[in-house]
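Chains, contacts and geometry: an overview
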Amino acid sequence: GCSPHRPGILFFLCLCIILAGCSKSEAPKKTNTVEFTVVSGTDIPKELQELIKERQKNSFELTFSDNGCLYVIKGYGKQSSGGYSIVIHDFYQSGDCLYFDTELFGPKKDEPVSGAPSYPYIVIKTEYRENPVVFD
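Residues numbered from 1 in each chain as written. Predicted model: local features only at pLDDT ≥ 70, side-chain atom pairs only at ≥ 80, totals over all residues. Heavy atoms only, no water.

**Looking at the pattern of salt bridges**
- All chains considered together, the criterion is met by three salt bridges.
- The partner of R55 in a salt bridge is E54, with the nearest N and O atoms 3.8 Å apart.
- For R55, a relative accessible area of 32% puts it in the partly exposed group.
- According to the relative accessible area criterion, E54 is exposed, its value standing at 62%.
- The partner of K74 in a salt bridge is E61, and the shortest N-O contact between them spans 3.1 Å. With K74 in strand β4 (residues 69–76) and E61 in strand β3 (residues 59–66), this pair connects stretches of sequence that are 13 residues apart. (Salt bridge = Lys/Arg side-chain N within 4 Å of Asp/Glu carboxyl O. Buried < 20%, exposed > 50% of the residue type's maximum accessible area, 1.4 Å probe, protein only. Helix = DSSP H or I, 4+ residues; strand = E, 2+ residues; numbered from the N terminus.)

Rendered as structure tokens:
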């Protein structure tokens, strides 16, 4: 499970982050691998499901905190068919920032797919932290 956070420490972290800044222009040096689990369906909090539904037609990036957990979401917008998959290349910390590196893969050539549009997205859950997330 995710542990409750202590506001005093988080406030201090927040100040450091504002001073440090994050960027994805140069490949950041990984300082820490962050443990996470992929969540789907009813494991996603209701409020977050609503936020995803509102945004899913376009590509989007989102973070959401709930009960000491941090959810990181990457959506790829409307695709013309089903059969898409999302691969997580990495989720790690570098300095004060978290980096979430994902990639969307289309259906395989010989794979039968539904003709209906799909809205692929991925949701991961980790322990709550104040660090800003950079999406790659």
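**Comments concerning the sheet that holds β4**
- Pairing is antiparallel across the open sheet formed by four strands, whose spatial order is β2-β7-β4-β3. Edge positions in the sheet fall to β2 (37–39) and β3, since each of these pairs with one other strand and no more. Going across the sheet, the axis of each strand differs from the next one's by a mean of 25 degrees, ignoring polarity.
- Here helix α2 (residues 46–55) sits on the sheet in contact with β3, β4 and β7 (121–127), set at roughly 170 degrees to β3. (Pairing = 2+ DSSP bridges. Axes fitted to C-alpha atoms, helices over the stretch in contact; angles between N-to-C directions. Contact = heavy atoms within 4.5 Å.)

**Things to note about the packing of aromatic side chains**
- Considering all chains together, one arrives at five aromatic pairs under this definition.
- Measuring from ring centre to ring centre gives 5.6 Å for F91 and F100, while their planes differ by 85 degrees; the resulting arrangement is edge-to-face. A single burial state applies to F91 and to F100, both of which are buried.
- Both rings, one in F100 and one in F135, keep their centres 6.1 Å apart while their planes meet at 75 degrees; by these two values the pair is edge-to-face. Pair noted here: F100 is in strand β6 (residues 97–105) and F135 is in strand β8 (residues 133–135), with a separation of 35 residues, a long-range link.
- For F100, a relative accessible area of 0% puts it in the buried group.
- By the ring-pair criterion, three or more aromatic residues cluster together here, those being F36, F91, F100 and F135.
- For the cation-ring pair, K30 lies above Y92, with the distance from its terminal atom to the ring centre recorded as 5.4 Å. (Phe/Tyr/Trp six-rings, centres within 6.5 Å; stacked < 30°, edge-to-face > 60°. Lys NZ or Arg CZ within 6 Å of the ring centre and 35° of its normal.)

**Structural notes on the sheet that holds β8**
- Taking strand neighbours across the sheet as the criterion, the four strands line up as β1-β5-β6-β8 in an open arrangement whose pairing is mixed. Because the sheet does not close on itself, it has two edges, and the strands there are β1 (32–33) and β8.
- Where β1 meets strand β5 (residues 85–94), two bridges bridge the pair, whose relative direction is antiparallel. For T33, the partnering residue across the bridge sits in β5 and is Y92.

**Focus: the environment of L104**
- In this fold, L104 is placed in strand β6.
- A relative accessible area of 21% means that L104 is categorised as partly exposed.
- Measuring from C-alpha to C-alpha, the distance between L104 and P120 comes to 8.3 Å, with 16 residues separating the pair along the chain.
- Aside from chain neighbours lying at most four places away, what touches L104 is Y76, Q79, Y84, S85, I86 and P120.

**Things to note about the nonpolar core**
- In terms of nonpolar packing, the biggest core is built from 13 residues, with V72, F91, L98, F100 and V133 touching the most fellow members.
- Of all the secondary structure elements, the ones that give two or more residues to this core are β4, β5, β6, β7 and β8.
- Counting 11 residues, the second largest nonpolar core, distinct from the first, contains L48, F64, Y71 and I73. (Core = buried A, V, L, I, M, F, W, Y, C linked by side-chain atoms within 4.5 Å.)

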